[in-house]
Amino acid sequence: AGVYCSSDGRVLGVELVYNNMQGPLPSELGHLEKLQHLVFYSNMLTGEIPAALFSLPDLLELDLNNNQLSGSLPREIRSQALQHLVLYTNTITGRLPTTWETPSLLTLELASNAFTGSAPAGIGTLSKLQALVISRNNLTGEFPSEWGSLRQLTQLWLFNNALKGPLPASWEGLTSLQNVEMDSVTGPFPEYIGSWIDLTLFIMVRGALTGPIPLTICHLTKIQTLWIFQNSLSGPIPSCIGNLQSVQQLELSDNHLNGTIPADAGRMAQLQMFYLSRNMLTGELPAQLSNLDNLQIMDFSSNQLTGTIPTSFNAFKDKVVDFALCFNKLSGPISAELKPFFEFIGHYTCLLYNNPW
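These numbers were taken from a predicted model, which means no experiment stands behind them.

Procedures and definitions
Residues numbered from 1 in each chain as written. Predicted model: local features only at pLDDT ≥ 70, side-chain atom pairs only at ≥ 80, totals over all residues. Heavy atoms only, no water. Pairing = 2+ DSSP bridges. Helix = DSSP H or I, 4+ residues; strand = E, 2+ residues; numbered from the N terminus. Disulfide = S-S within 2.5 Å. Buried < 20%, exposed > 50% of the residue type's maximum accessible area, 1.4 Å probe, protein only. Phe/Tyr/Trp six-rings, centres within 6.5 Å; stacked < 30°, edge-to-face > 60°.

Here's the deal with the pairing of strand β2 (residues 11-15)
Next up, step 1: For strand β1 (residues 2-5) and β2, the ladder comprises four bridges, and the chain directions are antiparallel. Residue pairing for β2: Val-3 is matched across the bridge by Val-14.
Next up, step 2: As consecutive antiparallel partners, β1 and β2 are separated by five residues, and within that stretch Gly-9 has a phi angle of approximately 85°, a positive value.
Next up, step 3: Two strands pair when backbone bridges link them, and β2 and strand β4 (residues 37-39) are joined in this way by three bridges, in the parallel orientation. Counted as the bridge partner of Glu-15 is Val-39 from β4.

Okay, here's the thing in structure tokens:
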């Protein structure tokens, strides 16, 4: 932290963070022609970002996140060296730049501001981009098909905007993605998501995804968090779901899924949270679910499940602390062999009401 210079006294970097600095950024910073790093995050800076900063020829990193900066960004950003532009959690307004002549850019984090207008197609020219974080703004329109060229992209956060529409076919090429958070996506659930095999987190919620969950989702063997709740998905849960050997959170609630719960679900060895509530699932509870040794939450409420609770669920004793089967068509009797489990879960959350026991 502080100011560091070259051997000939030229300023190369200024890093002053968590210092309660107030007031605007001095325009004179734009005169530091050899500046490579300008890092002022978590202060109380106000005013506009001097436009000259975006033209510094050697600037690699501009990190001003978590301040109170306002104004707008230039319509065009031309910075051949810039690798990291981090401006999240400010009050910057206006449209996002349309022209990005920043061929070295790796990180673009503009979340939690007040940007308006459409998501610029020009971002699709950033062939080295790895992180695109523009969530929590007021962006409108559809998801740009041009972004399908971002073959190095690993993180894509677009949630809490007014963006909506289907995922473009061109996005099939985003095979480096590891972390995706979006909402308001419409149209069929694309089969090509199964080719995003490096995904560890996939959140696509509060939208209007339709059709079945494609079988290709079972290719996501690295996925740890899979949330696709509050959509309009229909059809069965893929019978190959047990292939998700790394998944810890599986959230499929608030859709129109039907059919039975696959017995194969009992192979998701790392699963901790399993939500299937408010669908139209039928059939009995698979006894194989008792193989989920790490399960803590099981919420299958508000479906049309029948039968009773398998005695194998005694395996959930000392593990499951939230067990919800209310609003189904389960019937009794509940085996006395389950007494150890129910004595344990009685200290936590156990919802069995509104069933014809």
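So, next bit.
Observations regarding the state of the cysteines
Next up, step 1: By the definition in use, this model includes one disulfide.
Next up, step 2: A sulfur-sulfur separation of 2.0 Å characterises the disulfide bridge that pairs Cys-218 with Cys-240. In this structure, the disulfide formed by Cys-218 and Cys-240 twists by about 80° around the S-S bond and is classed as right-handed. In this pair, Cys-218 is assigned in the loop between β21 (208-211) and β22 (225-227) and Cys-240 in the loop between β23 (232-235) and β24 (249-251), connecting sequence segments 22 residues apart. Pair check on accessibility: Cys-218 and Cys-240 agree, each one buried.
Next up, step 3: Cysteine Cys-350 remains unbridged, with the sulfur of Cys-326 as its closest cysteine sulfur at 9.6 Å.

Comments concerning the packing of aromatic side chains
Any two aromatic rings considered together are summarised by their centre-to-centre distance and by the angle between their planes.
Next up, step 1: With the rule as written, the count across this model stands at 16 aromatic pairs.
Next up, step 2: Taking 5.1 Å as the distance between ring centres and 90° as the angle between the ring planes, the aromatic pair formed by Phe-274 and Phe-300 counts as edge-to-face. Here Phe-300 lies in the loop between β28 (297-299) and β29 (322-324) and Phe-274 lies in strand β26 (residues 273-275), a separation of 26 residues in the sequence. Considered together, Phe-274 and Phe-300 belong to a single accessibility category, that of buried residues.
Next up, step 3: Judged by centre distance (5.3 Å) and plane angle (55°), the ring pair of Phe-341 and Phe-342 falls under tilted.
Next up, step 4: Since its relative accessible area comes to 21%, Phe-342 is described here as partly exposed.
Next up, step 5: In this structure an aromatic cluster arises from ring pairing among Phe-313, Phe-316, Phe-323, Phe-341 and Phe-342.

Some thoughts on the sheet that holds strand β17 (residues 162-163)
Next up, step 1: Spatially, four strands are ordered β10-β13-β15-β17 in an open sheet, and the strand pairing comes out parallel. Every other strand in the sheet has two partners, leaving β10 (93-95) and β17 as the edge strands with one partner each.
Next up, step 2: Here three bridges tie strand β13 (residues 114-118) to strand β15 (residues 138-141), and the two strands are oriented parallel to one another. Each bridged residue has a counterpart across the sheet, and for Thr-116 the counterpart in β15 is Asn-138.

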